[in-house]
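# Close look at the chain arrangement
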Amino acid sequence: EVNRQTRDLREIIDERDNLLQFVSHDMQKPVLSIERFVDILKKKELDAEFRKTLDIISKKTDDLRRNFAELSRYSKNNFIVEQSAPFDVGDVLQQAYNDLEPDCSANGIRLFLTPCRTDVFGKRNSLLSVVNNLILNAVEHAECTEISVSAIKKRSHCYIKIADNGKGVDPQKDIFRPYYSENDAEGNVGLGLYLCKKTILAMNGELSCEQNHDGLTFVISLPAM
């Protein structure tokens, strides 16, 4: 009976992963085609009002493409593919800094990293993906000039903080809700923070945010070794 239930569960998981791969990869193709056709129309169209409509369509298709990209990253780093193991959080944060410092600098943002050595039990690549996403989220949306990354061990947990000095968010809104967007006029289009939270929960951790007077801080909590 246990073997049968295990086999059934594996089939359900495989079906889910196949669907994720289809949505994240194959459905990007028609979106890219729409973007190309819209670009062609924008080059030929002279009417200012119609060009504004084309700009809106272009923005919406770009949102779709971003969401598919988020799903693709999630499907590659889901909790079935990557097994949990001990690793040093400091190494992950250093890699995130090396990867994204040029992007931050190009946007006029200073990225700071406080060195640390704290071992946790979890999924290294998944954590790296989440940290990178949180840094890029600040770069794209926070309107900040500084981003700081640090980690500290307290009792049985490691706390990783990604803080910016930007505009913050409305404390009454749940930014981890699927398809959340801080701009109501744009509609709810975001998947990134929702998938980040799901990834951390799969490691028996927690992802939260703290609104400060000088910006926003994301806090990742993971079981420490």
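Above this text is the structure in question.
Moving on: the sheet that holds strand S4 (residues 146-154). The strand order across the open sheet formed by five strands is S2-S4-S5-S7-S6, and the pairing between neighbours is mixed. This sheet does not close on itself; its edge strands, each paired only once, are strand S2 (110-113) and strand S6 (206-212). For this sheet the average axis-to-axis angle between neighbouring strands, irrespective of direction, equals 15°. In this sheet, strand S5 (residues 157-164) lies alongside S4 in antiparallel orientation, the contact comprising eight bridges. Counterpart to Lys154 in the pairing with S5 is His157. Here helix H4 (residues 89-106) sits on the sheet and contacts S2, S4 and S5; the angle it forms with S2, its principal contact strand, is near 170°. With respect to the sheet, helix H6 (residues 192-201) is in contact with S6 and strand S7 (215-223), its orientation differing from that of S6 by roughly 130°.

Contact geometry of H4 with helix H5 (residues 124-141) gives a least axis separation of 10 Å together with a crossing angle of 35°. Where H4 crosses over H5, the handedness of that crossing is right-handed. Residues Val89, Asp91, Val92, Leu93, Gln95, Ala96, Asp99, Leu100 and Cys104 of H4 form the contact with H5, whose own contacting residues are Arg124, Leu127, Leu128, Val131, Asn132, Ile135, Leu136 and Val139.

For the rest of this paragraph, the subject is H5. Here H5 spans 26 Å end to end across 18 residues, near enough to the 26 Å set by a 1.5 Å rise per residue. Looking only at H5, the buried set comprises Ser126, Leu127, Leu128, Ser129, Val130, Val131, Asn132, Asn133, Leu134, Ile135, Ala138 and Val139. Directly after H5, the chain includes Glu143, whose backbone phi takes a positive value near 55°.

Core analysis: the largest hydrophobic core is formed by 38 residues, its most contacted members being Val89, Leu127, Ile135, Ile147, Ile160 and Ile220. Elements represented by at least two residues in this core include exactly H4, H5, S4, S5, H6 and S7. Looking at which element gives the most residues to this core, the answer is H5, with eight residues. Residues in contact with Ile160, not counting those within four places in the same chain, are Val89, Leu93, Leu127, Ser150, Ala151, Phe218, Val219, Ile220 and Leu222. Among the nonpolar cores identified, the runner-up in size contains five residues, and Val31, Leu71, Leu191 and Leu195 belong to it.

Parameters at a glance
- Residues numbered from 1 in each chain as written.
- Predicted model: local features only at pLDDT ≥ 70, side-chain atom pairs only at ≥ 80, totals over all residues.
- Heavy atoms only, no water.
- Pairing = 2+ DSSP bridges.
- Helix = DSSP H or I, 4+ residues; strand = E, 2+ residues; numbered from the N terminus.
- Axes fitted to C-alpha atoms, helices over the stretch in contact; angles between N-to-C directions.
- Contact = heavy atoms within 4.5 Å.
- Left-handed = near helix turned anticlockwise from the far one by under 90°.
- Expected span 1.5 Å × (residues − 1).
- Buried < 20%, exposed > 50% of the residue type's maximum accessible area, 1.4 Å probe, protein only.
- Core = buried A, V, L, I, M, F, W, Y, C linked by side-chain atoms within 4.5 Å.

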